[in-house]
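# Examination of the molecular architecture
One-letter residues, chain by chain:
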Amino acid sequence: MKKVTAIAIVLVAAWLTSAGSASSESRSKTYEVESVELQISSRGIQIPATVVTPVGKKHQRFPLVVIHHGHGGGRNENGGLARVADALGEAGIASIRLDFAGAGDSTEPFTSLTYTTMLADSNAALVWAVRNLPVDKRRIGGFGYSEGSAVVAMQAGQPFTPYKAVALLGPVAQPRELFDTFFGGNFDAYYAEAQANGYAVVTTPFGQVQNTSLEWFQETIAANPTGDISYFEGRVQLIWGAEEQIIPFSQVEALQAATAQRAKRTTTVTIPNADHGYGFYSDQPDVDAALHSALVQFFKRAL
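Here the structure is a predicted model, which is why all the values come from computation and not from measurement. (Residues numbered from 1 in each chain as written. Predicted model: local features only at pLDDT ≥ 70, side-chain atom pairs only at ≥ 80, totals over all residues. Heavy atoms only, no water.)

### Some remarks on the overall build of the protein
Let me state the cut-off plainly: Each helix corresponds to a stretch of at least 4 residues labelled H or I by DSSP, and each strand to a stretch of at least 2 residues labelled E; elements are numbered beginning at the N terminus. Values of the radius of gyration come from C-alpha atoms, whereas the globule rule sets the reference at 2.2 Å times the count of residues to the power 0.38. For every residue, the accessible area obtained with a 1.4 Å probe (protein chains only) is divided by the maximum for its type, and the residue is called buried under 20%, exposed over 50%, and partly exposed between those limits. Note on contacts: a residue pair qualifies if any of its non-hydrogen atoms lie within 4.5 Å across the two residues. Shrake-Rupley sampling with a 1.4 Å probe provides the accessible areas, and residues are treated as covered by the protein chains on show and by no other component. Positive residues here are Lys and Arg, negative ones are Asp and Glu, while His and the chain termini are left out of the count. Charged side chains are reduced to one point each, which is NZ for Lys, CZ for Arg, CG for Asp and CD for Glu.
Looking only at helices and strands, one finds 11 helices and 10 strands in the protein. Here the protein has a C-alpha radius of gyration of 18 Å; the compact-globule value for 303 residues is 19 Å, and the two agree. Projected onto the principal axes, the alpha-carbon positions of the protein cover approximately 55 × 40 × 35 Å. Taken over 303 residues, the protein has a buried fraction of 56%. The long-range fraction of contacts in the protein, counting pairs at least 24 apart against all pairs at least 6 apart in sequence, stands at 73%. Carbon and sulfur atoms provide 50% of the accessible area of the protein, an area that totals close to 12,300 Å². Positive and negative charge centroids in the protein, built from 23 and 28 side chains respectively, lie 15 Å apart.

See the structure below:
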């Protein structure tokens with residue numbers, strides 16, 4: 001799996017050969033934003049995506065953040081990631097976010113979800129963005145929520161990663177361990193069911209019923225976000241909720257340790273009153289405001 005990941009990152013990096021320069025205006029001004037829904041080609045199919053861009057001057061270039069949603073959540077996460085994208089856009093940071101297989105407006109079944117497909121689709125979104133948006137190719141960041149954070153961590157540590165900075169919300173450091181807890185200690189039983197049938201019928205703590213493929217289980221066992229991100233030399237932000245009920249702080253600590261040697265800087269932010277929904281699935285304007293402030297300040301400084 002790591003060989004596939006590395007090749008995909010190299011292909012993306014090949015597009016990032018020229019760049020504009022940062023401007024003081026783009027770091028201080030509040031911008032109007034434009035949001036566009038589109039379909040991006042990846043793996044021979046069409047992937048739903050949303051682009052949010054600041055409205056700037058002609059030829060102005062902006063930083064870009066690629067946004068990755070959580071397990072089965074979708075690119076909007078009940079509107080939460082849309083609000084994140086707007087907050088970034090108003091601060092002069094463009095973004096692209098996409099639906100992974102079986103989530104949001106995806107036309108694929110959930111059985112198509114694997115780390116291989118998530119990485120491929122994320123890379124396709126990035127390539128589309130640098131080809132088509134007014135972005136500075138030297139100022140690219142990744143933002144991942146929950147399972148999406150594992151995808152970003154895996155990308156960040158690859159040779160020629162396009163990312164200069166990454167923010168991980170409700171971060172997943174050790175997918176196999178985390179999903180065993182998420183599945184109520186039934187990971188092995190579900191894995192055995194997938195081995196027998198090609199997929200397992202999994203019910204999440206949030207009541208979602210997901211036909212989860214054998215490939216997803218195999219790749220979740222093999223995935224090593226902490227090992228990958230240990231090679232990352234950019235800036236890292238880890239965001240955790242004080243009321244987290246899904247991600248134990250040990251997952252944050254594992255990422256802190258993994259990034260201690262090579263990362264330019266790792267910061268950890270704890271958001272008061274935030275559970276694993278981080279205000280996406282509840283009416284918590286204080287959580288929204290704290291999350292937006294943390295992300296905007298981080299990416300403005302890091303990109």
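### What to know about the pattern of salt bridges
Going by this rule: The rule for a salt bridge is simple: a side-chain nitrogen of Lys or Arg has to be within 4 Å of a carboxyl oxygen of Asp or Glu.
Evaluated as defined, the whole model comprises eight salt bridges. Between D105 and R75 there is a salt bridge, and its shortest N-O distance comes to 3.1 Å. Here R75 lies in the loop between β3 (62-68) and α3 (80-90) and D105 lies in the loop between β4 (94-98) and α4 (115-132), a separation of 30 residues in the sequence. Under the relative-accessibility criterion, D105 is labelled partly exposed at 49%. Exposure remark for R75: the relative accessible area of 6% places this residue in the buried category. Between R139 and D136 there is a salt bridge, with the nearest N and O atoms lying 3.8 Å from each other. On the accessibility criterion, R139 (5% relative accessible area) is buried. In this structure D136 comes out as buried when scored by relative accessible area, which is 0%. Within the structure, one salt-bridge network assembled from shared partners comprises E37, R75, D99 and D105.

### So, the packing of α4 against helix α5 (residues 147-156)
Put simply, the rule reads: To get an axis, fit a line to the C-alpha atoms, keeping to the stretch in contact for a helix; angles then go from 0 to 180 degrees between the N-to-C directions. The scheme is simple: roughly parallel for angles under 35 degrees, roughly antiparallel for over 145, roughly perpendicular for 65 to 115, oblique for anything else. Each residue gets one label: Ala, Val, Leu, Ile, Met, Phe, Trp, Tyr, Cys and Pro are nonpolar, Asp, Glu, Lys and Arg are charged, and the others, such as Gly, are polar.
The contact between α4 and α5 brings their axes to 10 Å, and the two run at 70°. Judged by the inter-axis angle, α4 sits roughly perpendicular to α5. Touching Y115, M118, L119, S122 and N123 of α4 are E147, A150, V151, M154 and Q155, all from α5. Class assignment of the residues belonging to the contact of α4 with α5 gives a composition of six nonpolar, three polar and one charged.

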